[in-house]
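Fold and geometry: a report
Residues per chain are reported as follows:
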Amino acid sequence: YQVSERFVVRAGVNGSQVGTDAEESGIDYDIDLVWDSLSVAFDFHPTRGPLGLTGGLLKNDNRLETTARLSGNTTIGDETYTPQEIGSLTGEVGFDGTAAMAGLGGDWPRRSHRFGISLDLGIVSQGDPTVDLRAEQGTLVGDASFHADIAAEEAELLDSLEDLDLLPYFSLGFV
């Protein structure tokens, strides 16, 4: 919605999912990066042209969903376990529920009320990641020392993911 020649307010729905494989601390994971958010952005066009500065907020449900591929004995924490002892190992890496974003962008055609496109490049500050790993259906699910090793594995994952607090973003929209 164009408030004036220099100010625009936008809302958006962002969603996509990308899968990949990765190894962390000797464990092979299937990882799905889930980009799921709602946004409200404010655009400032200093020259009244199509290019402008953007700032806004996301209702942030971005996350990583992980599933370990356990084909043999696996070291978790300081101990080695069999696939039967572990069962399935799944996890989620989450972020703050509200995230700030800032960037540069433009919309064409800006001055007419016809259809057009918008394009944004910027960065999202989504806070420090949190890690939650769960082992299910294994013979050691209730074992306290096994849970301590799971907590140690969470700490290792958290250390390797600390740079995900700031993420680049690209947005293409239809006006």
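Located above this text is the structure these notes cover.
First things first, this report covers the structure right here in the doc. (Residues numbered from 1 in each chain as written. Predicted model: local features only at pLDDT ≥ 70, side-chain atom pairs only at ≥ 80, totals over all residues. Heavy atoms only, no water.)

Where nonpolar side chains cluster on the molecular surface, the patch consists of L51, W108, I117, L119, L121, F170, L172 and F174 and spans about 860 Å² of accessible area. Secondary structure elements with two or more residues in the nonpolar patch: β9 (117–125) and β11 (166–174). One can find L119 in strand β9. (Patch = residues over 30% accessible without salt bridge, like charges linked within 9 Å, V, L, I, M, F, W, Y side chains within 5 Å. Areas by Shrake-Rupley, 256 points an atom, 1.4 Å probe, with all protein chains shown as cover. Salt bridge = Lys/Arg side-chain N within 4 Å of Asp/Glu carboxyl O. Helix = DSSP H or I, 4+ residues; strand = E, 2+ residues; numbered from the N terminus.)

This part is about the layout of surface pockets. Its volume calculated, the largest pocket comes out at about 820 Å³. Along the walls of the largest pocket sit 35 residues, with R10, S118, D120, S171 and G173 positioned nearest its centre. At the level of elements, β1 (7–24), β2 (27–44), β8 (98–108), β9 and β11 are the ones that each hand at least two residues to the lining of the largest pocket. Take the lining of the largest pocket: its biggest share by element is nine residues, from β1. When the residues that make up the lining of the largest pocket are grouped by side-chain class, the tally is 19 nonpolar, eleven polar and five charged. (1 Å grid on protein atoms, 1.4 Å probe; cavity = no way out; pocket = protein on both sides within 12 Å on 5 of 7 lines; lining within 4 Å. Points joined across faces, edges and corners; volume = space filled by probe spheres on them. Nonpolar A, V, L, I, M, F, W, Y, C, P; charged D, E, K, R; others polar.)

Taken as a whole and assessed by the stated rule, the structure comprises one cavity of 30 Å³ or more. Computed from the structure, the largest cavity encloses a volume of approximately 50 Å³. Taken together, R10, D43, H45, G52, L53, T54, G105, G106, D107, S118 and D120 make up the lining of the largest cavity. Of all elements in the fold, only β3 (51–60), β8 and β9 reach the threshold of two or more residues within the lining of the largest cavity.

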